[in-house]
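# An overview of the molecular structure
Chain residues, written in single-letter form:
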Amino acid sequence: MKKLLSIFTMLLLASLSLFAKATIVGIAMPETHVLRWTKDGESLKKEAEKRGYSGLVQYGNADQAQQNQQIQSFLTQGAKILIIGNINDGVTSVVEEAARDKAVVVAYDRIIQGTTNYSAFITFNNYKVGTLQGQGIEKALNLPAATTAAPKYITLFAGSPTDANANFFYQGAMDVLNPYLKKGVLKVVGPYPETYKDTSNFQKIATENWSGPLAKTRLENLLNNDASKITLDAVLAPNDTLGRAIIEACKADAKYRSKLPVVTGQDAEFDSAVSIKNGEQYMTVFKDTAKLAEAAVILADALAKGEKPNIPGAILADGDLKEIGYTGTGYVATYLLDPIGITKENVNVPVDAGFYTAEETAKLK
Ligand code: BGC
């Protein structure tokens with residue numbers, strides 16, 4: 001009888017574990033008009049499922065209210081882990097809710113501002129992203145040899161004013177370019193915030209929700225007004241979506257038809273890789289989002305199990321980089337991956353990393 005009972009208990013346990021639902025990881029990505037996020041969403045789901053979780057993905061359409069509903073719905077469905085690429089600090093209220101539910105919350109790529117009541121932040125070294133953009137312009141225009149008699153001209157664009165990443169991208173670039181501006185060998189056409197902390201000027205060059213059409217219109221206006229009497233040598237563009245919008249605006253202007261200004265970018269989007277290969281966009285910054293997704297899930301998984309995270313390829317933001325983890329109310333544990341600058345010379349790097357589909361890869365070879 002005893003034996004029968006224990007066999008019965010074993011069978012019962014086995015069938016229960018068969019039907020036990022996998023822990024849900026809620027993956028909330030901010031938008032789809034910037035291509036990378038679709039890839040991020042897919043990679044995060046894959047990495048979560050590899051580790052036995054059930055991954056649910058939603059995209060917020062650059063609308064924080066919409067994303068908050070998506071996150072709430074993850075919590076209602078019992079999500080124990082949330083991986084969030086937020087839109088703006090309106091996300092704070094649902095993050096507080098998740099904290100009350102004892103869910104592990106990882107801020108993904110973009111810091112969650114206005115609270116420290118969450119587990120961790122994982123991103124790339126965003127200051128270095130900007131440095132690489134600034135250095136790209138410095139090299140392409142040979143700024144060390146530029147003179148005040150024949151200065152170079154640049155126009156500045158920044159990312160979304162609600163995305164703290166935009167500040168670091170800008171600061172990284174300007175810390176390279178400001179010395180040339182001070183010397184007068186480089187001149188800004190349009191507003192010139194020396195740092196992102198000059199909020200009134202920074203607002204003028206920032207691009208709400210990273211919108212390509214907004215950047216395009218701003219440059220068109222500039223080309224017809226402030227920049228009508230000079231030729232731009234460079235445009236600082238914080239990402240590929242804006243970089244390509246800027247190139248489009250330039251191409252519509254006869255002055256730039258045979259020679260485009262040096263235009264930067266970030267994300268190594270396929271269309272930009274093609275543009276770089278064809279000698280249009282000058283550079284981009286490759287952030288391997290497949291690696292970021294893997295790192296984020298390793299991090300969340302360790303935190304959920306109460307273990308110390310060991311994330312290959314990531315460093316803890318410390319020293320000068322500590323500010324990347326500042327939420328406005330305090331610091332969160334912040335892990336950084338390393339970005340890589342890409343020009344025509346090394347456009348094979350994201351290709352060889354398997355960043356593109358087979359079809360895209362064939363076009364880039
Ligand atoms: C990301 C960039 C992206 C931009 C627009 C930033 O927070 O770090 O990779 O291009 O948002 O989506």
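None of these values were measured; they are calculated from a predicted model.

Definitions and cut-offs
Residues numbered from 1 in each chain as written. Predicted model: local features only at pLDDT ≥ 70, side-chain atom pairs only at ≥ 80, totals over all residues. Heavy atoms only, no water. Phe/Tyr/Trp six-rings, centres within 6.5 Å; stacked < 30°, edge-to-face > 60°. Buried < 20%, exposed > 50% of the residue type's maximum accessible area, 1.4 Å probe, protein only. Lys NZ or Arg CZ within 6 Å of the ring centre and 35° of its normal. Helix = DSSP H or I, 4+ residues; strand = E, 2+ residues; numbered from the N terminus. Contact = heavy atoms within 4.5 Å. Domains from an automatic or database assignment. Buried area = accessible area lost by both parts, 1.4 Å probe. Salt bridge = Lys/Arg side-chain N within 4 Å of Asp/Glu carboxyl O. Expected span 1.5 Å × (residues − 1). Bend = angle between axes of the 7 residues up to and from the residue. Polar contact = N/O pair within 3.5 Å; in protein donor to acceptor, adjacent residues only side chain to side chain.

Moving on to the packing of aromatic side chains. Evaluation of the coordinates by the stated rule reveals seven aromatic pairs. Where Phe-355 meets Tyr-356, the ring centres are 5.3 Å apart and the plane angle is 75°; that geometry is what we call edge-to-face. The class of Tyr-356 is buried, set by a relative accessible area of 8%. Here a set of aromatic residues connected by ring pairs shows up, and it is made of Phe-270, Phe-286, Phe-355 and Tyr-356. The positively charged end of Lys-39 is found above the aromatic ring belonging to Phe-355, 3.4 Å away from the centroid.

Here Val-91 is to be found in the loop between strand 3 (81–84) and helix 4 (92–100). Taking relative accessible area as the criterion, Val-91 reaches 0% and is therefore assigned buried. Spatially, the C-alpha atom of Val-91 lies 42 Å from that of Ser-228, the residues being 137 residues apart in sequence. In this structure, Val-91 is in contact with Gln-64, Gln-67, Asn-68, Ile-71, Ile-84, Asn-86 and Ile-112, ignoring residues within four places of it in sequence.

Let us now look at the domain arrangement of the protein chain. Each domain of the protein chain was delimited in the assignment, giving domain 1 (2–125 + 288–337) and domain 2 (126–286). Residue-level contacts link 17 residues of domain 1 with 17 residues of domain 2. The contact between domain 1 and domain 2 buries some 1,400 Å² in all, and 50% of this surface belongs to carbon and sulfur atoms. For the interface between domain 1 and domain 2, the tally reads one salt bridge. Among the salt bridges present, the one from Arg-110 reaches Asp-163, with a minimum N-O distance of 3.0 Å.

Moving on, we come to helix 6 (residues 164–183). Spacing of three or four residues puts side chains on the same side of an α-helix, whose turn is 3.6 residues. Taking 1.5 Å of rise per residue, 20 residues should cover 28 Å, and helix 6 covers 29 Å from first to last C-alpha, within 8% of that figure. Of all bends in helix 6, the biggest is about 40°, found at Asp-175, and the proline Pro-179 comes one to four residues later. For helix 6, the tally of buried residues reaches 16 of 20 residues, placing the bulk of the element in the interior. Here helix 6 starts with a cap whose side-chain oxygen sits 2.9 Å from the backbone nitrogen of Asn-165, and that cap is Asp-163. Among the residues trailing helix 6, Gly-184 stands out with phi positive, at a value near 85°.

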